[in-house]
Amino acid sequence: MIKAILIFNNHGKPRLTKFYQYYAEDMQQQIIRETFLLVSKRDENVCNFLEGGSLIGGADFKLIYRHYATLFFVFCVDSSESELGILDLIQVFVETLDKCFENVCELDLIFHVDKVHYILAELCVGGMVAETNMVDILTHYTEQEKIEKQEAGLSSAPSRAVSAVKELNIQQRIKDIKLPELPSIGSLKF
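Note that the structure is predicted; figures quoted are calculated from it, not measured.

Q: Just to check I follow, could you spell out the overall build of the protein chain for this structure?
A: From N to C terminus, the protein chain includes 7 helices and 7 strands. Put simply, of all contacts in the protein chain between residues at least 6 apart along the chain, 49% involve residues at least 24 apart. As displayed, the protein chain offers around 12000 Å² of accessible surface, 56% of which is attributable to carbon and sulfur atoms.

Quick look at the structure:
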C-alpha cells in the first residue's frame, strides 16, 4: 500500500504532499525533511529504491523515487508493493502531467495544484493504485475540464447580473423620476 506521495524540488521545498496514513502536521514536515535528505544525497546512477527512514516506518517501508529535472517524485510504500510497479506508476504520473500541462514544470504544480491532485486521485485512491492507463486518466481529466468550464459559465451568472444592474445606472434613474406635485401639509384640513 502507498503510505505517502511526496514531490519536492532540488532545495527540499514540497510541491505536493499526499499522505494516505494519518500523521500530525509536525511529523509530516519531519518526514518530508528526512525523505529529502535521504533521496537528495544519492547519486544519479544508483538504484531508485531505498529503505524508509526511521520516521515513516523503518525497514518495513520503502522509498521509491525518480528525479526529473528539478523535481523529486517519491512514493513511500510498504513491503507489499512492487518496486518496479511503483516506478512505472511514477512514470505514468509524470507523463500524464506532461500531457496535461504540455511540458510540466515546477510552476505547473504550484499554480494548478487542484488539477494535479485530480490526476493523482485518478491514479491512487486511499493508497491503492486505481488506474494506470494514461489514456483513461487523460479522458477523465478532459471530461472534468469540460464540466468545470460549463460550471464557470453558471458561476459567473451572478457577476454578470451585478454588472448589468450597474449598467442600468439606477441612482441616476431615481433622480430623473418626476413625481407629481403634492399638496403641502399646511393646506390640509384635519
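Let's pick the thread back up.
Q: Mind showing me how you'd approach the side chain of Asp78 here?
A: Take Asp78: it is sitting in strand β5 (residues 71–78). For the buried residue Asp78, which engages in no salt bridge, the nearest side chain bearing the opposite charge is Lys3, 4.4 Å off. A polar contact of 2.6 Å, which involves the side chain of Asp78, links it to the backbone nitrogen of Met1. Discounting residues that sit within four places of it in the chain, Asp78 has contacts with Met1, Lys3, Asp60, Phe61 and Lys62.

Q: Sorry, what's going on with the pairing of strand β2 (residues 14–19) here?
A: Each regular strand displays side chains that alternate between the two surfaces of the sheet. Here 5 bridges tie strand β1 (residues 2–9) to β2, and the two strands are oriented antiparallel to one another. Across the sheet, Ala4 pairs through a bridge with Phe19, a residue of β2. Hairpin remark: β1 followed by β2, antiparallel, with 4 residues in the connecting loop; positive phi at Gly12, about 85°.

Q: Hey, could you run me through helix α4 (residues 113–123) in this one?
A: Residues separated by three or four positions in an α-helix point in the same direction, a consequence of the helix having 3.6 residues per turn. Listed as buried for α4 are Val116, Ile119, Leu120, Glu122 and Leu123. Seen from one end, α4 has its buried residues packed into an arc of 155°, which puts them on one side.

Q: For this particular structure, what's the right way to read the sheet that holds strand β3 (residues 49–51)?
A: In a beta sheet, neighbouring strands are held together by backbone hydrogen bonds and run either parallel or antiparallel to one another. Read from one edge to the other, the open sheet built from 5 strands follows the order β2-β1-β5-β4-β3, with strand pairing classed as antiparallel. Two strands in the sheet have a free side with no partner beyond their single neighbour: β2 and β3. In this sheet, neighbouring strand axes are inclined to one another by 20° on average, regardless of whether the strands run parallel or antiparallel. Its contacts with the sheet place helix α2 (residues 83–101) against β1, β3, β4 (61–68) and β5, and it is angled at close to 35° to β4. Here α4 sits on the sheet and contacts β1 and β2; the angle it forms with β2, its principal contact strand, is near 40°.

Rules used throughout
- Positions within a chain are numbered from 1, following the residues in the order the chain's sequence is written.
- Reporting of local features is limited, given that this is a predicted model, to residues whose pLDDT is at least 70; pairs of side-chain atoms are given and counted only at 80 or more, and all residues count toward the totals for whole chains, interfaces and linings.
- Only hydrogens and water are set aside when side-chain values are computed; all heavy atoms of the structure are taken into account.
- Secondary structure follows DSSP: runs of H or I at least 4 residues long count as helices, runs of E at least 2 residues long count as strands, and numbering of each begins at the N terminus.
- Pairs of residues are marked as contacts when any of their non-hydrogen atoms sit within 4.5 Å.
- Surface exposure here means Shrake-Rupley accessible area, sampled with a 1.4 Å probe, where a residue is shielded only by the protein chains that are shown.
- Three labels apply to residues, based on accessible area from a 1.4 Å probe with only protein chains included: buried if under 20% of the type maximum, exposed if over 50%, partly exposed otherwise in between.
- When charges are counted, Lys and Arg contribute as positive and Asp and Glu as negative, whereas His and the chain ends are disregarded.
- We define a salt bridge as a contact between a side-chain nitrogen of Lys or Arg and a carboxyl oxygen of Asp or Glu at a distance within 4 Å.
- N or O atoms closer than or at 3.5 Å make up a polar contact, with two conditions inside protein: a donor-capable atom paired with an acceptor-capable one, and, for residues adjacent in sequence, both atoms drawn from side chains.
- Each pair of strands is called paired provided DSSP finds at least two bridges between the two strands.
- As used here, the arc is the angular range of directions from the helix axis to the C-beta atoms.
- Here the axes come from fitting lines to C-alpha atoms, over the contacting stretch only for helices, and the angles between their N-to-C directions go from 0 to 180 degrees.

Geometric descriptors of this kind do not, in isolation, establish any biological role.
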